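Next come the chains, spelled out residue by residue.
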2 protein chains.
Amino acid sequence: MTPRRADAERNRTKLLDSARALFAAPGDAPSMAEIARHAGVGMATLYRNFPSREALLEALYVDEADAVVAAAETVEGDTAGERFVAWLHHFFAFYNGKHEVGDELLRGADGVPELMDASKHRVLAAGGPLLEAAQAAGDIRADLSLEQALTMVVAVAKIPGDPDFLAPILQTTLDGLRRV
Amino acid sequence: MTPRRADAERNRTKLLDSARALFAAPGDAPSMAEIARHAGVGMATLYRNFPSREALLEALYVDEADAVVAAAETVEGDTAGERFVAWLHHFFAFYNGKHEVGDELLRGADGVPELMDASKHRVLAAGGPLLEAAQAAGDIRADLSLEQALTMVVAVAKIPGDPDFLAPILQTTLDGLRRV
């Protein structure tokens, strides 16, 4: 990577990190100017990286889906069941921090459902082997598919309320996944 | 009760039963004419019992909340934990069959949030002793309030999908309530 390329990459990462943090914070969705300010870059740099707000949101969405997919390879735990549940925590954080992004994208332009569908398929493909291993080991109940487990986690992530209110609800649902 | 009064009561019950069944069925929300036809009564009888669609929906809502409140006294189970979980199944059926009614009511006129709030308070008051007994007996985890347990069940009830898809998700969340 040339120094200039590395620089551009750093700016892109800073902008996505800022957008992620600002979208996760309470209150209204952040403006482009707020995102640039938080990242410490000028508007020209912001628009060089992301020609439109939608381009930024799409990049953010894909970036976070990438992180969930990557986490399937790196999650730690003593058992297959613990690794699967640890991965569901990643997925929860992904979804919980970002459903505003998804909602705004859905109100936006064409091609977005395809983007989300593609992300969903990648996430399902990444998590499938984790669930299979955990079910084969007898750690996780066998009567649930990955789609059902993820749907359950999404349902919890959509509950309005602060993290203290949500945490025991999420924990309850994840404890319920243990083999009975 | 005079015969005439008993007759009116029967018609009212038939109309509410029909409205409940038709709202729970897939497809569009039923019209007043469809509800009358299903109940086997004329439109005059329908409007004598419920002067407006909103009056019917409100009565339906209150009627089902009454059933959930009453169930708190009658649920069966060998342990306090089983009785609490059995009651949550009633609550799930109440909410799952009826959130379209609630949505339509919320799009409607004044006074509805108060009605729902009052129902919520009655449901919380009815379920509180069941949860307390189950937690005191060590059957149900202690880190969840009744509001959190009901919120969790509502989140599952809101998941789109057929009953076969939802049933193991609900079961997973309820299994998670067992003391860990």
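Look up a bit, the structure's there.
Below, the structure is looked at part by part. (Residues numbered from 1 in each chain as written. Chains lettered and ligands numbered in written order. Predicted model: local features only at pLDDT ≥ 70, side-chain atom pairs only at ≥ 80, totals over all residues. Heavy atoms only, no water.)

The next thing to look at is helix α4 (residues 53-74) of chain A. Here α4 of chain A spans 31 Å end to end across 22 residues, near enough to the 32 Å set by a 1.5 Å rise per residue. Buried residues of α4 of chain A: L56, L57, A59, L60, Y61, E64, A65, V68, A71 and A72 of chain A, and no others. (Helix = DSSP H or I, 4+ residues; strand = E, 2+ residues; numbered from the N terminus. Expected span 1.5 Å × (residues − 1). Buried < 20%, exposed > 50% of the residue type's maximum accessible area, 1.4 Å probe, protein only.)

We now examine the nonpolar core. Side chains of nonpolar character tend, in soluble globular proteins, to be buried together. Residues F84 and W87 of chain A together with F84 and W87 of chain B are the most contacted members of the largest nonpolar core, which totals 72 residues. Ignoring sequence-local partners within four residues, the contact set of W87 of chain A consists of V68, A71, A72, V75, V123, G127, L130, L146 and L150 of chain A. (Core = buried A, V, L, I, M, F, W, Y, C linked by side-chain atoms within 4.5 Å. Contact = heavy atoms within 4.5 Å.)

If you look at the interface, chain B gives 21 residues, while chain A gives 21 residues. Together chain B and chain A conceal approximately 1700 Å² of surface at their shared face, both sides included; 72% is due to carbon and sulfur atoms. It is Q148, F165 and T172 of chain B in chain B that bury the most area against chain A; as a group they hold 29% of the surface buried on that side. Viewed at the interface, chain A and chain B are joined by two salt bridges. Between R141 of chain B and D175 of chain A there is a salt bridge, with the nearest N and O atoms lying 2.8 Å from each other. Our enumeration of links across chain B and chain A arrives at six residue pairs in polar contact (both at pLDDT 80 or more). Where the side of chain B that touches chain A is concerned, the elements lending two or more residues are α7 (146-157) and α8 (163-176) of chain B. Top element by residues in the side of chain B that touches chain A is α8 of chain B. It accounts for nine residues. For the side of chain B that touches chain A, the per-class residue count stands at nine nonpolar, six polar and six charged. (Buried area = accessible area lost by both parts, 1.4 Å probe. Salt bridge = Lys/Arg side-chain N within 4 Å of Asp/Glu carboxyl O. Polar contact = N/O pair within 3.5 Å; in protein donor to acceptor, adjacent residues only side chain to side chain. Nonpolar A, V, L, I, M, F, W, Y, C, P; charged D, E, K, R; others polar.)

Before going further, it helps to examine the side chain of Q148 of chain B. The residue Q148 of chain B is located in helix α7 in this model. Sequence-distant contacts of Q148 of chain B, defined by excluding residues within four places in its chain, comprise D164, F165, P168 and I169 of chain A together with D143 of chain B.

As a further point, take the environment of V75 of chain A. The residue V75 of chain A is located in the loop between α4 and α5 (80-107) in this model. When near neighbours in sequence (up to four residues on either side) are disregarded, V75 of chain A contacts R83, A86, W87, H90 and L130 of chain A.

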